[in-house]
Amino acid sequence: MTLKIISADQIEFEGVVQCVTLPGVEGLFQVLDNHAALMAALKAGAVTYITEQGESKREIKGGVADIKNNVVSVCIY
């Protein structure tokens, strides 16, 4: 699946990932291939994702995640 991490002024990451863990306002949740369509509000925490090169993290203050058709778009602030 494709992950896009987007801030107000740039695309900070765009690439193929195996899974993504997001800090939802209701708690942490993980997104895998073929996840159901979903929009979720995010709170402060870490977006953690796994690529072929290993695990990476991006601290965020909050945002919104849109998951649809194996694309996870994370708009952060």
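Keep in mind that what you see is a predicted model, and the values were worked out from it rather than measured.

Cut-offs used in this document
- Residues numbered from 1 in each chain as written.
- Predicted model: local features only at pLDDT ≥ 70, side-chain atom pairs only at ≥ 80, totals over all residues.
- Heavy atoms only, no water.
- Phe/Tyr/Trp six-rings, centres within 6.5 Å; stacked < 30°, edge-to-face > 60°.
- Helix = DSSP H or I, 4+ residues; strand = E, 2+ residues; numbered from the N terminus.
- Pairing = 2+ DSSP bridges.
- Axes fitted to C-alpha atoms, helices over the stretch in contact; angles between N-to-C directions.
- Buried < 20%, exposed > 50% of the residue type's maximum accessible area, 1.4 Å probe, protein only.
- Contact = heavy atoms within 4.5 Å.

1. Quick notes on the packing of aromatic side chains
Under the defined criterion, the tally for this structure stands at one aromatic pair. Both rings, one in Phe13 and one in Tyr49, keep their centres 4.6 Å apart while their planes meet at 35 degrees; by these two values the pair is tilted. In this pair, Phe13 is assigned in strand E2 (residues 11–16) and Tyr49 in strand E5 (residues 38–51), connecting sequence segments 36 residues apart.

2. Notes on the sheet that holds E2
If you trace the seven strands from one edge of the open sheet to the other, you get E2-E1-E7-E6-E5-E3-E4, paired in mixed fashion. One side of each edge strand has no neighbouring strand; the edge strands of this open sheet are E2 and strand E4 (27–31). Recorded for the sheet is a direction-independent mean angle of 30 degrees between the axes of neighbouring strands. Pairing analysis gives four bridges linking strand E3 (residues 19–24) to E5, with the strands arranged antiparallel. Counterpart to Val20 in the pairing with E5 is Tyr49.

3. Let's talk about the environment of Val20
Note that Val20 resides in strand E3. Put simply, Val20 and Tyr77 are 57 residues apart on the chain and 18 Å apart in space, counted from C-alpha to C-alpha.

4. Points about the pairing of strand E6 (residues 54–68)
Sheet topology places E5 next to E6; 13 bridges connect them, and they run antiparallel. Opposite Leu38, over in E6, you have Ile67 as the bridge partner. Hairpin geometry of E5 and E6 is characterised by an intervening segment of two residues between the two adjacent antiparallel strands. Between the end of E6 and the start of strand E7 (residues 71–76), which pair antiparallel, lie two residues, with Asn69 showing a positive phi angle near 50 degrees.

5. Observations concerning unusual backbone geometry
One non-glycine residue with positive phi stands out, namely Asn34, at about 60 degrees. Here Asn34 is to be found in the loop between E4 and E5. Residue Asn34 is classed as exposed on the basis of its relative accessible area, which comes to 65%. Residues other than glycine seldom take positive phi values, yet Asn70 does so here, at roughly 60 degrees. Here Asn70 is to be found in the loop between E6 and E7.

6. Focus on the environment of Ile11
You can see Ile11 is positioned in strand E2. Given the relative accessible area of 49%, Ile11 is considered partly exposed. Through-space distance from the C-alpha of Ile11 to that of Cys75 is 9.2 Å; in sequence the pair is 64 residues apart. Non-local contacts of Ile11, meaning those with residues more than four positions away in its chain, are made with Ile5 and Ile6.

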